[in-house]
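Commentary on secondary and tertiary structure
Listed here are the chains, written in short residue letters.
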Amino acid sequence: MQEFTLEEVAKYNGKDNEKIYVVYSGKVYDVTNSDFWVDGEHMGLHNAGEDLTESLDLEAPHESDSLDDFEVVGIIKE
């Protein structure tokens, strides 16, 4: 499994790179094909290329299992 730093994931922001990655609980997800991520933004609330763990756990109106439909492309380096 590929390992990323948070700085490396930040490059997959949907603007500078065509891919859109987000981090949740140490895993890197490719959400490029999601209709909810447009130009690197999710509903105007979240930006791609970031760790969304705290936001999903505390603020999101949906559960983290919404990421189950997306490929895990890597993990965050310890």
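Note that the structure is a prediction, hence the values are computed from the model and not measured.

Calculation criteria
Residues numbered from 1 in each chain as written. Predicted model: local features only at pLDDT ≥ 70, side-chain atom pairs only at ≥ 80, totals over all residues. Heavy atoms only, no water. Pairing = 2+ DSSP bridges. Helix = DSSP H or I, 4+ residues; strand = E, 2+ residues; numbered from the N terminus. Phe/Tyr/Trp six-rings, centres within 6.5 Å; stacked < 30°, edge-to-face > 60°. Buried < 20%, exposed > 50% of the residue type's maximum accessible area, 1.4 Å probe, protein only. Core = buried A, V, L, I, M, F, W, Y, C linked by side-chain atoms within 4.5 Å. Contact = heavy atoms within 4.5 Å. Axes fitted to C-alpha atoms, helices over the stretch in contact; angles between N-to-C directions.

What follows is about the sheet that holds strand E4 (residues 37-38). The strand order across the open sheet built from three strands is E4-E5-E6, with neighbouring strands paired in antiparallel fashion. The strands lining the two open edges of the sheet, one partner per strand, are E4 and strand E6 (46-47).

Inspection of the entire model under this criterion finds three aromatic pairs. Relative to Tyr 21, the ring of Phe 4 lies with its centre 5.9 Å away and its plane at 85 degrees, an arrangement referred to as edge-to-face. With Phe 4 in strand E1 (residues 2-4) and Tyr 21 in strand E2 (residues 21-24), the pair connects residues that are 17 residues apart, well separated along the chain. The interplanar angle of 15 degrees and the centroid separation of 4.2 Å between the aromatic rings of Tyr 12 and Tyr 21 together place this pair among those described as stacked. Overall, the relative accessible area of 9% leaves Tyr 21 in the buried class. Grouping aromatic residues by their ring pairs yields a cluster made of Phe 4, Tyr 12 and Tyr 21.

This part covers the nonpolar core. Judged by nonpolar contacts, Ile 20, Val 22, Tyr 24, Tyr 29, Val 31, Trp 37, Ala 48, Leu 52, Leu 56 and Leu 67 together constitute the single largest core of ten residues. Apart from residues no more than four positions distant in its own chain, Ala 48 is found in contact with Tyr 12, Asn 13, Ile 20, Tyr 21, Val 22, Trp 37 and Gly 40. Grouped together as the second largest cluster of nonpolar side chains are seven residues, Tyr 21, Val 23, Val 28 and Val 73 included.

Our focus in this paragraph is the pairing of strand E3 (residues 27-30). One ladder, built from four bridges, connects E2 with E3; its direction is antiparallel. From the neighbouring strand, Val 23 faces E3, where its bridge partner is Val 28. What sits between E2 and E3 in their antiparallel hairpin is a turn of two residues, with Ser 25 showing a positive phi close to 50 degrees. Taken together, the four bridges between E3 and strand E7 (residues 71-76) define a ladder with antiparallel strand orientation.

Another aspect to go through is the sheet that holds E7. Here we have four strands laid out as an open sheet, ordered E1-E7-E3-E2, and mixed in their pairing. Two strands lie at the open edges of the sheet, namely E1 and E2, each paired on one side alone. Each neighbouring strand pair of the sheet contributes to a mean axis angle of 40 degrees, computed without reference to strand direction.

Functional significance is not addressed by these values, which are geometric in nature.
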